[in-house]
Amino acid sequence: WCVPCEELELTFGDDDVFDAITKNFVPLKFDVTADNETNDGLRKKYKAVSLPVVLFVDTDGKVLSRITKVIEPDQMLRILRPVIKDLRASQRAQSP
């Protein structure tokens, strides 16, 4: 893992951040630091020009938010709250 990616783990380990993410998303982590064809494809697909990159993606694959630097838990929550609100509104609109 890249050093900033490891530092970002502290943010994800915060109880409030962890709860917000795990209650609203399916968290997946990809280590794309090695140079190979698979990682090159993932970096290209998700426009991960530099690391770290955190994406919040809906079920259709639409990127709802992108984080491209190490941030503190309070910053992560400020980003997550409107994303979660929009995600829930979208889910309600799609419900029959």
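Placed above this text is the structure.
In this report, we go over the structure that sits alongside the text.

A count of helical and extended segments in the chain gives four helices and two strands. Reported as C-alpha extents along the three principal axes, the dimensions of the chain are approximately 45 × 30 × 15 Å. A fraction of 51% describes how many contacts in the chain between residues 6 or more apart in sequence connect residues 24 or more apart. Looking at the chain as shown, the accessible area adds up to about 6900 Å², and 53% of this sits on carbon and sulfur atoms. Across the chain, the mean location of the 14 positive side-chain charges is 9 Å away from that of the 16 negative side-chain charges.

Between its first and last C-alpha atoms helix α4 (residues 73-94) spans 31 Å; for 22 residues at 1.5 Å apiece the expected length is 32 Å, and the two agree. Along α4, the positions that sit buried rather than exposed are Pro73, Met76, Leu77, Leu80, Val83, Ile84 and Leu87. For α4, the elements touching its buried residues are α1 (3-12), α2 (15-24), β1 (54-57) and β2 (63-67).

The subject of this paragraph is α2. Every buried residue of α2 is accounted for by Val17, Ala20, Ile21 and Asn24. What you see down the axis of α2 is that its buried residues fit within an arc of 90°, all on one side. α2 presents Asp15 and Lys23 as exposed residues on the side facing more than 90 degrees away from its buried surface. Each element contacted by the buried residues of α2 is listed here: α1, β1 and α4. Regarding α2, its N-cap is Asp14, as a side-chain oxygen of that residue lies 3.1 Å from the backbone nitrogen of Asp16 further along.

All right, on to the pairing of β1 then. A one-sided burial pattern is seen for β1, the buried positions being Val54 and Phe56 and the unburied ones Leu55 and Val57. Taken together, the four bridges between β1 and β2 define a ladder with antiparallel strand orientation. In the strand pairing of β2, Val57 is matched with Val63. Counted along the chain from β1 to the antiparallel partner β2, the turn is five residues long, and its residue Gly61 has a positive phi close to 90°.

Cut-offs and rules
- One numbering rule holds for all chains: residues counted from 1, following each sequence as written.
- Per-residue local features are limited, in this predicted model, to residues with pLDDT of at least 70; the limit for side-chain atom pairs, both in listing and counting, is 80 or more; totals at the level of whole chains, interfaces and linings are taken over all residues.
- Computation of side-chain values: all heavy atoms of the structure, hydrogens and water removed.
- Each helix is a run of DSSP H or I of at least 4 residues and each strand a run of E of at least 2, with the numbering of both proceeding from the N terminus.
- Whether two residues are in contact is decided by their heavy atoms: any pair within 4.5 Å suffices.
- Method for areas: the Shrake-Rupley scheme with a 1.4 Å probe, in which residue coverage is limited to the protein chains shown.
- Just so you know, the count uses Lys and Arg for positive and Asp and Glu for negative, and it drops His and the chain ends.
- Charge positions come from single atoms, namely NZ of Lys, CZ of Arg, CG of Asp or CD of Glu.
- Every helix has an expected span of 1.5 Å times one less than the residues it contains.
- When accessible area is computed with a 1.4 Å probe and restricted to protein chains, residues below 20% of their type maximum are described as buried, those above 50% as exposed, and intermediate ones as partly exposed.
- It is the directions from the helix axis to the C-beta atoms that the arc portrays.
- The term polar contact refers here to a pair of N or O atoms within 3.5 Å; inside protein, the definition further demands a hydrogen-donor-capable atom paired with an acceptor-capable atom, and it admits residues adjacent in sequence only when both atoms are side-chain atoms.
- When DSSP locates at least two bridges between a pair of strands, those strands are taken to pair.

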